[in-house]
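Structure at a glance
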Amino acid sequence: MKGALIGCGFFARNQLHAWRDIDGVEIVAICDRDAGRLNEAGDQFGTEHRYSDANAMFADGGFDFVDIATTAPSHRPLVEAAAKAGVHIICQKPFAENMADARAMVAAAEAAGKVLMVHENFRWQSAVRAAIDALRSGAIGTPFFGRVSFRSGYDVYAGQPYLAEGKRFIIEDLGIHILDIARALFGEVSAITASTKRVNPKINGEDVATMLLAHHGGVTSVVDCSYATKRDPETFPETLLEIDGTEGTLRLDAGYRLTIQAGGKSETRDVAPPVLPWAERPWHNIQESVAIIQQHFVDCLREGLVPETSGADNLNTLALVEAAYLSAAEGRSVSLEEM
Ligand code: NAD
Ligand code: 89Y
């Protein structure tokens, strides 16, 4: 299976490492408007075909899928060009800048008969996946309350300076993952209420968001995110969980400790992710999930299956992001039907 990658920036090297490790997959072409980044990635990964223009790359072809690793503003034109070129697509989050673009991208891939998956990788982190699997297996009965929490003071602006510049920040960049985990755990959402705050005066967007979700299945969840939390130990980039069910509780605590209490028993497991050979702490958690989600994409292509985090599925995560911003702006609960 041959692939191409567009966007050789901060995060793409994780994706390139992960593709290199997947059996039977080769990245044969890369593209970036920035010649320095293009050549750095090309030299590191030995990629011969290098392009500054994605349309020229699609015109030359010679690959089965494209991995779009650029930031959101370029996603719609690139997904549409990929669909027109007749290749399968994996696209980074945030999938799109608004719902209209996201729906158009899903429609373009459907019309072309190509698979479109969003690189929504946090639900694929092995510690989070262990919690999802335990919950789905009924380990604590029927859940009725959940807290999905990501609080950190890690300097994400150093590697991703654009995060400090946008009018929107934490919900669109990070909260999107945490909201997606809430969906994976508790199902679809009927209404959301959100409040946001900017604590760091050096950035333009919000760096704190607290969201209350009403899920169709009856769970109430709190999704809270912060990049203004100065604490020791620093837990970046761990997502912590507290879930109450009719038969017990599940906790994913700092240090990747998963505790399930039910039927009078308490079991704590170490669910720390491995540090892959090309990974480094503290990013190893996210890096492992990149390898897992890309393997999932390849498995789905080979077996003709729809990826769990398909473009169509991700419309519901993106709708939560949009609804959260609307709720915070208007100071009211927002029904997802409004999206
Ligand atoms: P970046 O700005 O460092 O890199 C993006 C690269 O894309 C740049 O080199 C830029 O020149 C190139 N580019 C942009 N538009 C292009 C176009 N039309 N044609 C060719 N090249 C183009 O960004 P980043 O920090 O690597 O983030 C990329 C995406 O990955 C973002 O959407 C971000 O949210 C996401 N991300 C995801 C995770 C995760 O865990 N899933 C983590 C970090 C970043
Ligand atoms: O861009 C973000 C992401 O997707 O995961 C963590 C991050 O790099 C900074 O918030």
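Refer to the structure presented above.
In this text, all values refer to a predicted model and were calculated from it rather than measured experimentally.

A separate point is the site of ligand 1. Among the 24 residues in the neighbourhood of ligand 1, the closest are listed as Phe11, Asp32, Lys93, Asn121 and Tyr162. Within the contact set of ligand 1, a nitrogen atom lies 3.2 Å away from a side-chain nitrogen or oxygen of Arg33. Interatomic distance of 3.3 Å between a side-chain N/O atom of Gln92 and a nitrogen atom of ligand 1. Starting from 850 Å² of accessible surface for ligand 1 in isolation, the protein chains cover 90%. Tallied by class, residues from the shell around ligand 1 come to nine nonpolar, 10 polar and five charged. Here the shell around ligand 1 gathers at least three residues from each of two domains, domain 1 (2-114) and domain 2 (123-280 + 311-338).

Residues His75, Leu78, Val79, Ala81, Ala82 and Ala83 constitute the buried set of helix α4 (residues 75-85). On its buried side, α4 packs onto β1 (2-6), α3 (54-60), β4 (65-68), β5 (88-92), α5 (99-112) and β6 (116-119). Taken from the residues just after α4, Gly86 is the one with a positive phi, measuring 75°.

Below, the discussion takes up the packing of helix α6 (residues 126-136) against helix α7 (residues 170-186). Contact pair α6 / α7: the axes reach a minimum separation of 9 Å and the direction vectors enclose 25°. Here α6 is positioned roughly parallel relative to α7, judged by the angle of their axes. The residues of α7 that touch α6, namely those facing Val128, Ala131, Ile132, Leu135 and Arg136, are Ile181, Ala184, Leu185 and Phe186. Its residues placed into classes, the contact of α6 with α7 shows eight nonpolar, no polar and one charged.

Thresholds, definitions, all that
Numbering of residues begins from 1 in every chain and follows the order in which that chain's sequence is written. Key to labels: chains lettered from A, ligands numbered from 1, both in the order written. Given that this is a predicted model, residues contribute local features only at a pLDDT of at least 70 and side-chain atom pairs are listed and counted only at 80 or more, while totals for whole chains, interfaces and linings are drawn from all residues. Note that the side-chain values use all heavy atoms of the structure and ignore hydrogens as well as water. Residue proximity to a molecule or strand is established when one non-hydrogen atom of the residue lies within 4 Å of it. Side-chain atoms alone can form a polar contact between residues adjacent in sequence; in general such a contact is a pair of N or O atoms within 3.5 Å, and within protein one must be able to donate a hydrogen while the other accepts it. Values of accessible area rely on a 1.4 Å probe in the Shrake-Rupley scheme; residue burial ignores everything except the protein chains shown. Here the nonpolar group is Ala, Val, Leu, Ile, Met, Phe, Trp, Tyr, Cys and Pro; Asp, Glu, Lys and Arg are the charged ones; every other residue, Gly included, is treated as polar. An automatic or database domain assignment supplies the residue ranges for each domain. Relative accessibility under 20% of the residue-type maximum defines a buried residue, over 50% an exposed one, and the middle range a partly exposed one, all with a 1.4 Å probe and only protein chains included. Runs of E in the DSSP output that reach at least two residues are strands. Runs of H or I that reach at least four are helices, and both are numbered from the N terminus. Every residue pair with non-hydrogen atoms within 4.5 Å of one another is taken to be in contact. Helix axes are fitted to C-alpha atoms over the stretch in contact, other axes to C-alpha atoms as well, and angles between N-to-C directions run from 0 to 180 degrees. Any angle from 65 to 115 degrees is called roughly perpendicular, while one under 35 is roughly parallel, one over 145 is roughly antiparallel, and all others are oblique.

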